[in-house]
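Topology and contacts: notes
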Amino acid sequence: MQLPEKHLPELDELAKRICSLTKHILEGLPSDGDPIAMSSVQDLFDGQPNTRIFVLKEGLLDYEFGGKVVFRAQPGDLLGFAKSLKLEEGPYSADSPVELIPYTRDQLMAHVNSSETLQKHWTLLLISQASYYRQALAVETPGLYQPATGFLHFEEGDTIIAQGEEAECVYTLLEGSADAIHDEIKVGEIKAEEIFGAMAVFTGQRRNASVIATSACSVLAVRKDEFLDLVAHHPKVAVNLVEEMAEKINQLNRQVRSLQ
């Protein structure tokens, strides 16, 4: 996806990440019929089944909301999931040829829930999309203060989270590695595709540990209100987080036993 008039490197990076995650998620999932070619279209989902979703294979589609084109869908984008959940969504249109691969929502969700890896990719996809839309909105509202969110880069030794600070965001480590440090003592390691910083968001407390990059890192930061809204609508995200937090607690217990 891309903004119709403005191109920001951060959004381009996120768009590539979204397409890559979609590709991984759809591997092994049969389509709901042959690809559909259209010379043009005014409303892509007009007359389609309620559970129909598409992946754009060729061409570009304009997405409109409130009578305005807000973004342009590109090949690899997953379209129609919100509409399949009966959430308000505008039309997709194109004046030039497009080709789409049809899927059904229920088959997709069954596929996603068939493995922990796919569940994690799906969570990252939802978080990435939420971050994309937030940054796109920020472009349209210049002059307002926005905390550092979105697609961020850190070098080895940089502080991603500082112990004692307010918890404004939840983070996902996309690439690289980092250590969790409490009172100058290493208490854990963070690996690629791991979500971190959620505990303080859930408890409303200040950060109880710093997170320091141990290599060059790419990080996705999402504001806490957006993340809590995501968890409320997708309980499986919460389950995955609880499992990861439980593993962190086990790691700490093993460290304590090794010191006895």
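Residues numbered from 1 in each chain as written. Predicted model: local features only at pLDDT ≥ 70, side-chain atom pairs only at ≥ 80, totals over all residues. Heavy atoms only, no water.

The next subject is the confidence of the model for the protein chain. Summarising the model, the protein chain shows a mean pLDDT of 83, and 83% of its residues fall at 70 or more. Confidence, read as mean pLDDT per element, is least for helix H7 (residues 235–259) in the protein chain (61) and greatest for strand S7 (residues 98–104) (95). The low-confidence segment residues 143–147 (pLDDT under 50) makes 4 contacts with residues lying over four places distant or belonging to another chain. (pLDDT = per-residue confidence, 0-100. Helix = DSSP H or I, 4+ residues; strand = E, 2+ residues; numbered from the N terminus. Contact = heavy atoms within 4.5 Å.)

Once their charged atoms are close, side chains differing in charge can pair, the charge on each being opposite to the other. Here the structure, examined in full by the defined rule, presents 8 salt bridges. When the shortest N-O distance is used, the salt bridge between arginine 72 and aspartate 62 registers 2.6 Å. Of this pair, arginine 72 sits in strand S4 (residues 68–73) while aspartate 62 sits in strand S3 (residues 61–65), placing them 10 residues apart in sequence. Linking aspartate 179 and lysine 186 is a salt bridge whose minimum nitrogen-to-oxygen distance equals 3.7 Å. Residue aspartate 179 is classed as buried on the basis of its relative accessible area of 16%. On the accessibility criterion, lysine 186 (36% relative accessible area) is partly exposed. Each of Asp179, Lys186 and Glu189 takes part in one network of salt bridges that share partners. (Salt bridge = Lys/Arg side-chain N within 4 Å of Asp/Glu carboxyl O. Buried < 20%, exposed > 50% of the residue type's maximum accessible area, 1.4 Å probe, protein only.)

Okay, the pairing of strand S8 (residues 150–154) next. Within S8, 4 of the 5 residues are buried, which leaves it mostly tucked inside the rest of the structure. In this sheet, strand S15 (residues 217–223) lies alongside S8 in antiparallel orientation, the contact comprising 5 bridges. Note on S15: the bridge partner recorded for phenylalanine 154 is cysteine 217. (Pairing = 2+ DSSP bridges.)

On to the side chain of histidine 121, then. With respect to the helices and strands, the residue histidine 121 is situated in helix H4 (residues 116–140). Residue contacts for histidine 121: discarding those within four places in its chain leaves Leu21, His24, Ile25 and Glu193.

Within the secondary structure, aspartate 32 is located in the loop between helix H1 (9–26) and strand S1 (36–38). Residue aspartate 32 is classed as partly exposed on the basis of its relative accessible area, which comes to 30%. Here the alpha-carbon distance between aspartate 32 and proline 102, two residues 70 residues apart in the chain, equals 5.2 Å. Not counting chain neighbours up to four residues away, the residues in contact with aspartate 32 comprise Arg52, Pro102, Tyr103 and Thr104. Looking at aspartate 32, its side chain comes within polar contact range of the side chain of arginine 52, at 3.0 Å. (Polar contact = N/O pair within 3.5 Å; in protein donor to acceptor, adjacent residues only side chain to side chain.)

The subject of this paragraph is the environment of leucine 124. Mapped onto the elements of the fold, leucine 124 is located in helix H4. A C-alpha to C-alpha distance of 9.5 Å links leucine 124 and glutamate 194, two positions 70 residues apart in sequence. Apart from the residues within four sequence positions on either side, leucine 124 is in contact with Arg17, Leu21, Thr172 and Glu193.

Attention shifts here to the sheet that holds S7. With antiparallel pairing, the 4 strands of this open sheet are ordered in space as S1-S7-S2-S5. Each having just a single partner strand, S1 and strand S5 (78–79) make up the two edges of the open sheet. As paired elements, S1 and S7 share 3 bridges and run antiparallel to each other. From the neighbouring strand, methionine 38 faces S7, where its bridge partner is valine 98.

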